[in-house]
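Results of the structural survey
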Amino acid sequence: MVKKENYNVSEILKLATSFLEKNGIQNPRLDSELLLGAVLNFSRIEIYTDFFRPLSPREIQAYRELISIRAKGKPVAYILEKKPFRHLVLKVNQDVLIPRPETELVVDKVLEVAKKRKETEIKMVDLGTGSGAIALSIAYEMPDAFVFALDISDKALRVAQENAEFYSLQDRVKFIRCDFLDGLDDCFMNEIDVIVSNPPYIPSKEIDKLQKEIRDFEPLLALDGGPDGLREYRRIIAESPSYLKEGGYLILEIGGDQADSVERLLNDSGKYDEVDVSKDYAGIERVVVARRRYIQLPAASYQSPGENMSREKEG
Ligand SMILES: C[S@@+](CC[C@H](N)C(=O)[O-])C[C@H]1O[C@@H](n2cnc3c(N)ncnc32)[C@H](O)[C@@H]1O
């Protein structure tokens, strides 16, 4: 990439941007700035306020190495081992999915439904926690929440645990290795206020067609949603009612064209009501919220929810 010995910030950014562009990288200027910021320990603003600062030979060499790694497709977040998500900057590596901006909307929905709960201490479960993005944001933004953060990957759980410790949230986020809800202790049955998940949802045959940044670098375990992309939704929708309190909520991130199918799965199960789909900032249907149905007793003995009554328990 670099042909001469002396460059200032402006010159080297121009070169790096054109090199990344030639290598098919989607946001070459942004990525060049982020990587240069890491080498110089500059914010993006400082890059522009120090636009004509000369670089030392060591800085040029370090930058050249990062740019050549990026040109091969490795995402910036994995190169820098960090990714901002809501109010946190999370450690990430190739054991975890890079948290996406649209997943921030999932957390908004959790905060929204949590306000409707009467309980002062809210118990939540994050299924497939990855870096801990959803679980840790909830704990950070809701001081009264207790979150069980589940993942089947030990390596992912190690990253999430590190993030929890960095933000001193480990007292209110408990990490458990689990195959979704299979393995979660029975003592949590009918105890959970909100279950949230951004499960793997890419249909298996689509994985090969993903952009190389995702296909070659992100964990397959975080992507592959089975033959039709709905395998994990079927499980989560079937397993969650036993753990949710009546009137508790299930909140799911979904892929671009999955709203109708996921809505149908929820309705067909007969265990949920108030199913609602929200769009993300790009106008794509992204989050489904469903309420765990109250179990109605036979008409004669039925009293409205909220009254002190004993209800039959569903499996
Ligand atoms: C799409 S990623 C979501 C990560 C994180 N919640 C986020 O939104 O950035 C899905 C996560 O589910 C986990 N996962 C996949 N299959 C699982 C299973 N059967 N049980 C529990 N977790 C699973 C993966 O390891 C991965 O961390």
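Scroll up for the structure.
In what follows, the accompanying structure is described. (Residues numbered from 1 in each chain as written. Predicted model: local features only at pLDDT ≥ 70, side-chain atom pairs only at ≥ 80, totals over all residues.)

What follows covers unusual backbone geometry. Positive phi, close to 50 degrees, is recorded for Arg 86, a residue that is not glycine. With respect to the helices and strands, the residue Arg 86 is situated in the loop between strand E1 (82-85) and strand E2 (88-91). The phi torsion at Phe 180 lies on the positive side, around 45 degrees, for a residue other than glycine. Within the secondary structure, Phe 180 is located in the loop between strand E5 (173-177) and strand E6 (192-197). Overall, Phe 180 belongs to the buried group, with 21 C-beta atoms counted inside 10 Å. (Helix = DSSP H or I, 4+ residues; strand = E, 2+ residues; numbered from the N terminus. Buried ≥ 20, exposed ≤ 12 C-beta atoms within 10 Å, placed from the backbone.)

To continue, consider the environment of Met 124. Structurally, Met 124 can be placed in strand E3 (residues 122-127). Met 124 gets classed as buried once you count the C-beta atoms within 10 Å, which come to 26. Counting along the chain gives 125 residues from Met 124 to Tyr 249, while the straight-line C-alpha distance between them is 9.5 Å. In this view, Met 124 contacts Ile 138, Ala 145, Val 147, Ile 192, Asp 193, Val 194 and Val 196; residues no more than four positions away in its chain are not counted. (Contact = placed C-beta atoms within 7 Å.)

A separate point is the nonpolar core. Counting residues in hydrophobic clusters, the biggest one holds 77 residues, and the most contacted among them are Met 124, Ile 138, Val 147, Val 173, Val 194, Ile 195 and Ile 251. Among the elements that make up this core, the one with the highest residue count is helix H7 (residues 133-141) (six residues). In terms of domain composition, this core takes at least three residues from each of domain 1 (9-72) and domain 2 (91-300). Residues within four places of Val 173 in sequence aside, it is in contact with Ala 135, Leu 136, Ala 139, Val 147, Ala 149 and Ala 164. (Core = buried A, V, L, I, M, F, W, Y, C linked by C-beta atoms within 7 Å. Domains from an automatic or database assignment.)

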